[in-house]
Amino acid sequence: DKGSLYLSLYNSEKGFPKDPKAALRLTSARIINGISTFRFEKLPKGTYAVACYHDENGNHKLDANLFGIPSEGTGASNNATGFLGPPKFKEAKFTLDRDTAITIRIRY
């Protein structure tokens, strides 16, 4: 429950998942009993992907080691994981055509 969870919602592969400035929406939330909940209203039907990270120390950024490997927990829609790097948009994308709930597991 320490820190906050930061979430970026993308509607294209541009910038996913490393450039939050390219995201359609950005938000953060507290963690309560190991869970954060986000709700986006009025999203048009389309293809999206979510990237998130657990900001454990409250510095508002994803910390990484000398090799660029995150030292805080990360996650993506479809629980996509990258191979020798972050997941790709095509692995994390999902189609939104009605109210949808997704669950993302944060990996450390």
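The rules behind each value
- Residues numbered from 1 in each chain as written.
- Predicted model: local features only at pLDDT ≥ 70, side-chain atom pairs only at ≥ 80, totals over all residues.
- Heavy atoms only, no water.
- Phe/Tyr/Trp six-rings, centres within 6.5 Å; stacked < 30°, edge-to-face > 60°.
- Helix = DSSP H or I, 4+ residues; strand = E, 2+ residues; numbered from the N terminus.
- Buried < 20%, exposed > 50% of the residue type's maximum accessible area, 1.4 Å probe, protein only.
- Contact = heavy atoms within 4.5 Å.
- Salt bridge = Lys/Arg side-chain N within 4 Å of Asp/Glu carboxyl O.
- Polar contact = N/O pair within 3.5 Å; in protein donor to acceptor, adjacent residues only side chain to side chain.
- Pairing = 2+ DSSP bridges.

1. Re the packing of aromatic side chains
Each aromatic ring pair is specified by the distance between its two centres and by the angle formed by the two planes.
Here is step 1: As enumerated under the stated definition, the model contains four aromatic pairs in all.
Here is step 2: Between Tyr 6 and Tyr 53, the ring centres sit 5.2 Å apart and the planes meet at 10 degrees, which makes this aromatic pair stacked. Pair noted here: Tyr 6 is in strand E1 (residues 4-10) and Tyr 53 is in strand E3 (residues 46-55), with a separation of 47 residues, a long-range link.
Here is step 3: For Tyr 6, a relative accessible area of 18% translates into the label buried.
Here is step 4: Their ring planes at 90 degrees and their centres at 5.2 Å tell us that Tyr 10 and Phe 16 sit as a pair that is edge-to-face.

2. Quick word on the side chain of Ser 77
Here is step 1: With respect to the element layout, Ser 77 can be found in the loop between strand E4 (74-76) and helix H1 (89-92).
Here is step 2: Non-local contacts of Ser 77, meaning those with residues more than four positions away in its chain, are made with Ala 49, Val 50, Glu 91, Ala 92, Phe 94, Ile 102 and Ile 104.

3. Brief notes about the pattern of salt bridges
Here is step 1: Taken as a whole and assessed by the stated rule, the structure comprises one salt bridge.
Here is step 2: The salt bridge involving Glu 41 is made with Arg 39; its shortest N-O contact spans 2.6 Å.
Here is step 3: Taking the relative accessible area as the measure of exposure, Glu 41 reaches 47% and is therefore partly exposed.

4. Some details on the environment of Pro 44
Here is step 1: Inspection of the secondary structure assignment puts Pro 44 in the loop between strand E2 (25-30) and E3.
Here is step 2: Pro 44 gets classed as exposed once you look at its relative accessible area, which sits at 51%.
Here is step 3: When the C-alpha atoms of Pro 44 and Gly 68 are compared, they prove to be 34 Å apart, with 24 residues separating the residues in sequence.

5. A word on the side chain of Asp 63
Here is step 1: Mapped onto the fold, Asp 63 is located in the loop between E3 and E4.
Here is step 2: Of the polar contacts made by the side chain of Asp 63, one reaches the side chain of Asn 59; its length is 2.8 Å.
Here is step 3: With residues near it in sequence (within four places) discarded, Asp 63 still touches Asn 57, Ile 69, Pro 70, Ser 71 and Glu 72.

6. Some words on the pairing of E3
Here is step 1: With eight of ten residues buried, E3 is to be regarded as a mostly interior element.
Here is step 2: Looking at chain direction, E3 and strand E5 (residues 94-96) are connected through three bridges and run antiparallel. Across the sheet, Gly 46 pairs through a bridge with Leu 96, a residue of E5.
Here is step 3: As paired elements, E3 and E4 share three bridges and run antiparallel to each other. Its bridge partner being in E4, Cys 52 is matched across the sheet by Gly 75.

7. Comments concerning unusual backbone geometry
Negative phi values dominate among residues other than glycine, just as trans dominates among peptide bonds.
Here is step 1: Phe 16 connects to Pro 17 through a cis peptide bond whose omega is -10 degrees.
Here is step 2: Considering the arrangement of structural elements, one finds Pro 17 in the loop between E1 and E2.
Here is step 3: The phi dihedral of His 60 is positive, around 65 degrees, even though this residue is not glycine.
Here is step 4: Looking at the element boundaries, His 60 is found in the loop between E3 and E4.
Here is step 5: The exposure class of His 60 is exposed, given its relative accessible area of 58%.
Here is step 6: One non-glycine residue, Leu 84, lies in positive phi territory at about 55 degrees.
Here is step 7: Along the chain, Leu 84 falls in the loop between E4 and H1.
Here is step 8: Taking the relative accessible area as the measure of exposure, Leu 84 reaches 81% and is therefore exposed.

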